[in-house]
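# Coordinate inspection notes
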Amino acid sequence: MDRAHQRQRIIDAIEENRQAIIEVAESIRLNPEIAYQERAASALVSSKIAELGYEVEREAGGLETAFRASLHGRGDGPTVAVLAEYDALPGIGHGCGHNLIAGSGYAAAIGLQAVMGEINGMFEVIGTPAEEAGGGKIQLADAGIFNDVDAALMVHHAGDRTGVASSYPDGTNLAVTTLDFEFFGKPAHAAGDPFNGVNAVNGVVKLFTGIDALRQHVTMDTRIHGIITHGGDAANVVPKYASAQFFVRAGSRDYLLELIEKVSNVARGAALMTGCEVTITERETCYDMRPSYVVGRRYQSNMEAVGLEINHRPSGRGMYSTDFGNISYLMPAATGSFAISHDPIPGHSQQVVDASGSDFGYDQLIKVSKAMALTAFDLLTDNDLLGDAKSEHENWPPKSGA
Ligand SMILES: [Zn+2]
């Protein structure tokens, strides 16, 4: 059975199930569920994939709304995974188009099911909750769900743009962590005996001003932004408790770790100078994305092969963060970005909710799913492709021009 014929059968299988795939995406769009609550979406996608003969593990990695669906090939070989997100945004619904990502997971399962019996390796669709808040992929990685995966693929809408990052630093973004600071002081009457009080709000104020001083001495792509989450209870009482939350973002995981230490030292200094106690809580950390350009170039040529119009404009580092970055530190990983609109639209918006359910959006979903499924097939059947991707991954960052 030659590869060209198998590739055509992948395309045909997805095309024949076009309506069923769109129904899955539309059902999720009309019933948006936020991070960690994607019960209906996870159940729908995983049960549809189970019907195709995949072995489905629900609550994968201990996350209620995660799943892993696996289909063995004829014999041993690499494992390639497609990651399906399905969480919505509070108050907006599917303003990031994750209903389409869920649909692409089902579509890819259909496509690969058509050929897995003839090729070696394993194909998986992993349902990854909570991209918008929490970082479900980080928890799944910590639980070992990706330990045996050799390469990971995704799709994501990109407004009016279609293409895949194919040279450094295109497709890279920012590592991010969330830090919670809690300052503990001592209450007193603000006029009667303020000398007996320790003002927790002062600690928060010094934290902000100290971070502002730090800004002079960080790299250009650093972002540090925060809010006061508790600023006292009454102006005539010396505040005994105050808190703030900051996002710290950096161009690499390693630099982020340095910044976390510097920002934490500012907090400790603020506590020392005001007499407060401070506790610092670090939440999940998203690493910066290390996109596989080797896989990306193949992915984009597969996009062209299925009739997607490429209009991607390579850019520098993206000023955003995603938990797919953590996966990209583990293995070659690539995202197929696709247009759902003919005109530019803002992210996390009602326009995305609408475009994610439009005829054009769904037509593009079918096409990009075919391209992703073909890329998974290529990774399973073309040893050079996977080998080149792994050596690129081991030698990050790629030399310029790569
Ligand atoms: Zn998104």
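Higher on the page you've got the structure.
Described in the following lines is the structure provided in the data block.

## Some details on the overall build of the protein
For the protein, the helix and strand inventory stands at twelve helices and ten strands. By principal-axis analysis of the C-alpha atoms, the protein measures approximately 85 × 45 × 40 Å. Going through the 402 residues of the protein one by one, you find that 53% of them count as buried. Across the protein, every contact between residues at least 6 apart in sequence was considered, and the portion connecting residues at least 24 apart equals 81%. When the accessible surface of the protein is summed, it comes to about 16,600 Å², and 49% of that surface belongs to carbon and sulfur atoms. A distance of 4 Å separates the average location of the 31 positive side-chain charges in the protein from that of its 51 negative side-chain charges.

## Some words on the coordination of the zinc ion
Each protein donor to the zinc ion is listed here as Cys96 (SG), His98 (NE2) and His156 (NE2); together their distances run 2.1 to 2.3 Å. Motif for the zinc ion, donor spacing along one chain: C-x1-H-x57-H. With relative accessibility at 0%, the residue His98 sits in the buried group.

## Describing the pattern of salt bridges
What the rule picks out here adds up to 21 salt bridges. Asp160 is paired through a salt bridge with Arg161; the nearest N and O atoms lie 3.7 Å apart. With a relative accessible area of 14%, Asp160 lands in the buried category. Through salt bridges with shared partners, one network takes in Arg3, Arg7, Arg298, Asp378 and Asp382.

## A look at the packing of aromatic side chains
Counted according to the given criterion, the structure contains eight aromatic pairs. Ring centres 4.8 Å apart and planes at 50 degrees place the aromatic pair Phe208 and Phe246 in the tilted group. Here Phe208 is found in helix H6 (residues 200–214), whereas its partner Phe246 is found in strand E8 (residues 241–250), with 38 residues between them in sequence. Residues Tyr287 and Tyr329 carry aromatic rings whose centres are separated by 4.8 Å and whose planes lie at 65 degrees to one another, so their mutual orientation is edge-to-face. Taken together, the residues span a long stretch of sequence, with Tyr287 in the loop between strand E9 (277–286) and helix H8 (293–305) and Tyr329 in helix H9 (residues 324–330) at a distance of 42 residues. Following the ring pairs from residue to residue traces out a cluster consisting of Tyr168, Tyr293 and Trp396. One Lys or Arg, Arg253, reaches over the ring of Tyr287 and ends 4.9 Å from the middle of that ring. Here the guanidinium or amino end of Arg290 rests over the ring plane of Tyr329, the centre of that ring lying 3.9 Å away.

## Re the sheet that holds strand E3 (residues 79–84)
Pairing is mixed across the open sheet formed by six strands, whose spatial order is E1-E2-E4-E3-E5-E10. Looking at which strands have only one partner, the edges of the open sheet turn out to be strand E1 (55–58) and strand E10 (333–338). Sheet twist, expressed as the average angle between the axes of neighbouring strands with direction ignored, equals 20 degrees. Where strand E2 (residues 67–72) lies against strand E4 (residues 122–127), six bridges are found, and the strand directions are antiparallel. Among the inter-strand pairings, His72 is bridged to a residue of E4, identified as Met122. In this fold H8 packs onto strand E5 (151–157) and E10, with an angle of close to 35 degrees to the strand it touches most, E10. Each of E3, E4, E5 and E10 touches helix H11 (residues 359–381); the most contacted strand, E5, lies at about 170 degrees to it.

## Here's the deal with H8
Look at H8: 18 Å from first C-alpha to last across 13 residues, which is about the 18 Å you get at 1.5 Å a residue. Taken residue by residue, H8 has Tyr293, Val294, Val295, Gly296, Tyr299, Gln300, Asn302 and Met303 as its buried positions. The secondary structure elements touched by the buried residues of H8 are helix H1 (3–16), E5, E10, H11 and helix H12 (383–394). Between a side-chain oxygen at the N-terminus of H8 and the backbone nitrogen of Val295 the separation is 3.1 Å; the capping residue is Ser292. Looking one or two places after H8, you find Gly307, whose phi comes out positive at around 95 degrees.

## Overview of the pairing of E4
The buried fraction of E4 amounts to six of the six residues, a majority that puts the element mostly inside the structure. Burial along E4 is two-sided: Met122, Glu124 and Ile126 and Phe123, Val125 and Gly127, pointing in opposite directions, are all buried. Of the strand pairs in this sheet, E3 and E4 are connected by six bridges, and their pairing is parallel. Of the residues in E4, the one forming a bridge with Ala84 is Gly127. For the crossover from E3 across helix H4 (residues 98–113) to E4, the handedness is right-handed.

## Comments concerning the sheet that holds E8
On the basis of which strands lie adjacent, the open sheet formed by four strands has the order E7-E8-E6-E9 and antiparallel pairing. Only two strands of the sheet have a single neighbouring strand rather than two, namely strand E7 (223–230) and E9. Recorded for the sheet is a direction-independent mean angle of 15 degrees between the axes of neighbouring strands. Sitting on the sheet, H6 touches strand E6 (175–184), E7 and E8, and the angle it makes with E8 is about 20 degrees.

## Overview of the nonpolar core
The biggest cluster of nonpolar side chains holds 83 residues, and the ones touching the most others in it are Leu112, Phe123, Phe146 and Leu153. Ranked by the residues each element gives to this core, the list is headed by H11, at twelve residues. Here Phe146 is in contact with Leu83, Ile126, Thr128, Lys137, Leu140, Ala141, Ile327, Leu330 and Met331, once residues within four sequence places are set aside.

## With respect to the environment of Ser104
Relative to the assigned elements, Ser104 resides in helix H4. The buried category is assigned to Ser104, whose relative accessible area is 0%. Counting along the chain gives 50 residues from Ser104 to Met154, while the straight-line C-alpha distance between them is 8.3 Å. Setting aside its immediate chain neighbours within four residues, Ser104 contacts Val155, Leu365, Ser369 and Met372.

About the thresholds
Residue positions within a chain follow its written sequence, with the count starting from 1. Owing to the predicted nature of the model, reporting of local features is limited to residues with pLDDT of at least 70; listing and counting of side-chain atom pairs is limited to 80 or more, with chain, interface and lining totals taken over all residues. Each side-chain value is derived from all of the structure's non-hydrogen atoms; neither hydrogens nor water enter the calculation. The secondary structure listing takes helices from DSSP runs of H or I that are at least 4 residues long and strands from runs of E that are at least 2 residues long, numbered from the N terminus. Any residue under 20% of the maximum accessible area for its type is buried, any over 50% is exposed, and the rest in between are partly exposed; the area is computed with a 1.4 Å probe on protein chains only. Only heavy atoms matter for contacts: two residues are in contact if any of them lie within 4.5 Å across the pair. Computed by Shrake-Rupley with a 1.4 Å probe, the accessible areas treat only the displayed protein chains as cover when residues are assessed. Under the convention used here, Asp and Glu are negative, Lys and Arg are positive, and both His and the chain ends fall outside the count. Lysine's charge is taken at NZ, arginine's at CZ, aspartate's at CG and glutamate's at CD. Note that water is not among the atoms considered, so a metal site may appear incomplete; the donors listed are N, O and S atoms within 2.8 Å of the metal, with 3.2 Å applied to Na, K and Ca. Any Lys or Arg side-chain nitrogen located within 4 Å of an Asp or Glu carboxyl oxygen qualifies as a salt bridge. Here is the rule: rings of Phe, Tyr and Trp (six-membered ring for Trp) pair when centre to centre is within 6.5 Å. Planes less than 30 degrees apart are stacked, more than 60 are edge-to-face, and the remainder are tilted. Two conditions define a charge sitting above a ring: the NZ of Lys or the CZ of Arg must be within 6 Å of the ring centre, and it must be within 35 degrees of the ring normal. Two strands qualify as a pair provided DSSP detects at least 2 bridges between them. Lines are fitted to the C-alpha atoms to define the axes, a helix being fitted only along its stretch in contact, and any angle between axes, read from their N-to-C directions, falls within 0 to 180 degrees. Helices are assigned an expected span. That span is 1.5 Å times one less than the residue count. Here a polar contact is recorded for every N or O atom pair within 3.5 Å, except that within protein the pair must consist of a potential hydrogen donor and a potential acceptor, and residues adjacent in sequence are included only if both atoms are side-chain atoms. For the handedness criterion, the strands are oriented away from the viewer, and a crossover whose path from the first strand over the helix to the second runs clockwise is classed as right-handed. Here, the term nonpolar core denotes a set of buried Ala, Val, Leu, Ile, Met, Phe, Trp, Tyr and Cys residues that are joined through side-chain atoms within 4.5 Å.

From the geometry alone we can't say anything about function, so treat these as descriptive.
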